[in-house]
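So you can see what is in the structure, the chains are spelled out below.
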Amino acid sequence: RRESTAYELHIYEECQHSDQAAVAEKEHLHPETVKGIFLRWAKRAEKQRQRWMVRCLGVDEISLRKGHQQFALVLSDLERHCVIAVLPERSQEAFEKWLDGLSEAERRAIRVVAMDMWGPYCGVVQRKLSHAQIVADRFHVTKQLNEAIAKIRRGLQAKADKAAYEILKGTRWILVRKRAELKPEEEARLQAALDAFPELRKAYLLKEQFRTIADKIQDRQRAERFLRAWLWEAQASGLAQLVKFAKTLQHWWEEFLNYFDEGITSGTVEGLNNAIRAIIRRAFGYHVFENFRLQVMVEHGKLGTPSPLF
C-alpha cells in the first residue's frame, strides 16, 4: 500500500476522535482512502479483541435516523462501562440470536440484565438466561412517570384560559427535574404552577416521593413497603395518567424491586447512547450500518490498539 503501517495506525487513531471527512481534509487524503484505512484496522481490532465474561448486561435501543423508525440494539457491559455489541435491529429475534452465539460459559456468567420495560426482551432473557435477574431500569421507570406528569400538564394547558396558560408555559422541564436542583426563579415558577393547579400539585408531589424512594432506599424490603404505600396514593389520586403508570409498575413489580438488591441500572447505557448519538451527528448519519457499528465499537467497545498482521 502507499501508506506505511505507522501512518495507517495514525489515521485510524485520528478517526476515533473525529469524522473521516475531517481527517481526510486534515491529512490531504481522499475520503475513500481514510475510510478504507479505518475499516481495515477497525475490523482487525475487533478480530483481536480479548473476550471477557460479562456479569451485568445492559439492553437498550437507539434511534439511527430521527423520524424514520430505524433503531439499533445496544448491548453493554455495565461494570466495565463499554459497548459489547450493536445489533442492526431492536427485535427480540436479533437479541435471541446474539445470545445463541455466546458460549454456555458466557451465558452462565451473566447474572443481571438491566432493560427498559419492554416485554419481548424480558421474554428472551427468561428463556435464554433463566438464571439471571432481570432489573427494570429505574431511569426508564422514572422516565415513564415523567411522561405521565407531562401529559397531565398538557391536558391542563389545553383547557386553561390565557392567564393560566401563561403560568404553565415553560414549566415542562422544571416539572421533571429534581426540586433541589432548581434555580430560585425556576422554583418560583414551579410554585406558581402548583398553587394554580391542585391536580398538578398532587401529581408533582407523588413524582418527588417516587424519586426519593428510588434515590434514598437501598433495602429491598423497605423499598417494597414504601412503594406499596405510593401505589395506593397514586391509584387514589384519580389522575388517569398516574393510575396507568401504577398498573405498569405493578406489572413489572419484581423486576423493579430487583433494582434495590444491587442498585444496578442502565445509566451507563444512557451515557453510551448519548455518546453514540454524538457519533451519528458528527458524521451526519450513516448509510451503511456496518460502518456505524465499527465506529461505535472502536470508540466505546474497548477494542484496544490493533497489531499489524504479517
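Going by the structure above, here's the rest.
Heads up: these notes are all about the structure in this document. (Residues numbered from 1 in each chain as written. Predicted model: local features only at pLDDT ≥ 70, side-chain atom pairs only at ≥ 80, totals over all residues. Heavy atoms only, no water.)

Thoughts on the nonpolar core
Here's step 1: In this structure, Leu 57, Leu 75, Phe 95, Trp 98 and Trp 230 are the most contacted members of the largest nonpolar core, which totals 70 residues.
Here's step 2: In terms of residue count, helix α11 (residues 198-216) provides more of this core than any other element does, 6 residues in total.
Here's step 3: The contact partners of Leu 57, leaving out residues within four places of it in the chain, are Leu 75, Ser 76, Leu 78, Ile 84, Phe 95, Trp 98, Ile 110, Val 112, Val 113 and Ala 114.
Here's step 4: Membership of the second largest hydrophobic core comes to 29 residues, among which are Ile 37, Ile 62, Leu 272 and Ile 280. (Core = buried A, V, L, I, M, F, W, Y, C linked by side-chain atoms within 4.5 Å. Buried < 20%, exposed > 50% of the residue type's maximum accessible area, 1.4 Å probe, protein only. Helix = DSSP H or I, 4+ residues; strand = E, 2+ residues; numbered from the N terminus. Contact = heavy atoms within 4.5 Å.)

Things to note about helix α13 (residues 240-251)
Here's step 1: Its 12 residues place the ends of α13 17 Å apart at the C-alpha level, agreeing with the 16 Å of an ideal helix rising 1.5 Å per residue.
Here's step 2: Within α13, the full set of buried residues consists of Leu 242, Phe 245, Ala 246 and Leu 249. One face of α13 carries all of its buried residues, which in axial projection span an arc of 105°. Relative to its buried face, α13 has exposed residues pointing more than 90 degrees away, namely Ala 240, Lys 244, Lys 247 and His 251.
Here's step 3: Each element contacted by the buried residues of α13 is listed here: α7 (138-159), α11, α12 (220-236) and α14 (253-257). (Expected span 1.5 Å × (residues − 1). Arc of directions from axis to C-beta.)

Some remarks on the packing of aromatic side chains
To describe a pair of aromatic rings, one takes the distance between the centres and the angle between the planes.
Here's step 1: Evaluated as defined, the whole model comprises 11 aromatic pairs.
Here's step 2: Measuring from centroid to centroid gives 5.7 Å for Phe 210 and Phe 256, while their planes differ by 10°, and the two rings are stacked. Taken together, the residues span a long stretch of sequence, with Phe 210 in helix α11 and Phe 256 in helix α14 at a distance of 46 residues. Judged on exposure class, the residue Phe 210 and its partner Phe 256 are both buried.
Here's step 3: Consider the rings of Phe 256 and Phe 260, whose centres lie 5.6 Å apart with planes at 85°: the pair is edge-to-face. Comparing Phe 256 with Phe 260 shows no difference in burial state: the two are buried.
Here's step 4: In textbook terms, an aromatic cluster arises when at least three aromatic residues are bridged by ring pairs, as seen for Phe 210, Trp 230, Phe 245, Phe 256, Tyr 259 and Phe 260.
Here's step 5: Its end group placed over the ring of Phe 71, Arg 90 keeps NZ or CZ at 3.8 Å from the ring centre.
Here's step 6: Taking NZ or CZ as reference, Arg 138 lies 5.2 Å from the ring centre of Phe 139, over its face. (Phe/Tyr/Trp six-rings, centres within 6.5 Å; stacked < 30°, edge-to-face > 60°. Lys NZ or Arg CZ within 6 Å of the ring centre and 35° of its normal.)

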